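Structure assessment
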Amino acid sequence: MRSVGTLTRADLAEGINRRVGLSRAESLDMVESILHHLCHALAEGENVKISGFGTFLLRDKAERVGRNPKTGIEVPITPRRVLTFRASQMLKDRICAGD
């Protein structure tokens, strides 16, 4: 079912198809809809929490001074918004247990 090392949209749709019994097209539509809602919420500045899985958090980073490691010259790093993921304890437990 899985591509080596990467879980794809098609893999997720196939899993839904097998477990729930929806057609492949309906399963893929469901995956696309979930990803669309997740991306839309993040684009609107909302954090997204999926119970038992984890939380996607948006964080605004202020401008700061960085240093070019090769030359040592200081350069300003512009302010930006970053996306982070914090895994739930349940996900961490499953990963460590090897499920």
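Counting of residues starts from 1 at the beginning of each chain's written sequence and follows it residue by residue. In view of the model being predicted, local features appear only for residues whose pLDDT reaches at least 70, and side-chain atom pairs are presented and counted only at 80 or more, with totals across whole chains, interfaces and linings using the full set of residues. Side-chain calculation: all heavy atoms of the structure are included, whereas hydrogens and water are not.

We now examine the packing of aromatic side chains. A ring pair, where both rings are aromatic, is described by two values, the distance of the centres and the angle of the planes. Two rings belonging to Phe, Tyr or Trp (six-membered ring only in the last case) form a pair when the distance between their centres is within 6.5 Å. Interplanar angles under 30 degrees mark stacking, angles over 60 mark edge-to-face geometry, and anything in between is tilted. Counting across every chain of the model gives two aromatic pairs. Between F53 and F85 the ring centres are 5.3 Å apart and the planes differ by 50°, which places this aromatic pair in the tilted class. Taken as a pair, F53 in the loop between β1 (48-50) and β2 (54-61) and F85 in strand β5 (residues 80-87) lie far apart in primary sequence, 32 residues in all. Throughout, exposure labels follow a simple rule: accessible area from a 1.4 Å probe, protein chains only, divided by the maximum for the residue type, with under 20% read as buried, over 50% as exposed, and the rest as partly exposed. Classification of F85 as partly exposed rests on a relative accessible area of 37%. Working definition: helices are DSSP H or I runs of at least four residues, strands are E runs of at least two. Numbering for both runs from the N terminus.

This brings us to the side chain of T55. Position of T55 relative to the elements: it lies in strand β2. When checking whether two residues touch, look at their non-hydrogen atoms; a contact exists if any pair is within 4.5 Å. Sequence-distant contacts of T55, that is, excluding residues within four places in its chain, are made with V48, K49, T84, F85 and R86.

What follows is about the sheet that holds β2. Note on sheets: strands pair through backbone hydrogen bonds, and any given pair is parallel or antiparallel. Taken together, three strands build an open sheet; the order of strands is β1-β2-β5 and the sheet is antiparallel. What marks the edges here is a single partner per strand, and that holds for β1 and β5. Strand-to-strand twist across the sheet, computed as the mean angle between neighbouring axes with direction ignored, equals 20°. By this definition, two strands are paired if DSSP reports at least two bridges between them. By the bridge criterion, three bridges tie β1 to β2 in an arrangement that is antiparallel. From the neighbouring strand, V48 faces β2, where its bridge partner is F56. Sheet strands touched by helix α2 (residues 24-43): β1, β2 and β5. Its angle to β1, the strand with the most contacts, is close to 145°. In this analysis, axes come from line fits to C-alpha atoms, helices being fitted only over the stretch in contact, and the angle between any two N-to-C directions falls in the range 0 to 180 degrees.

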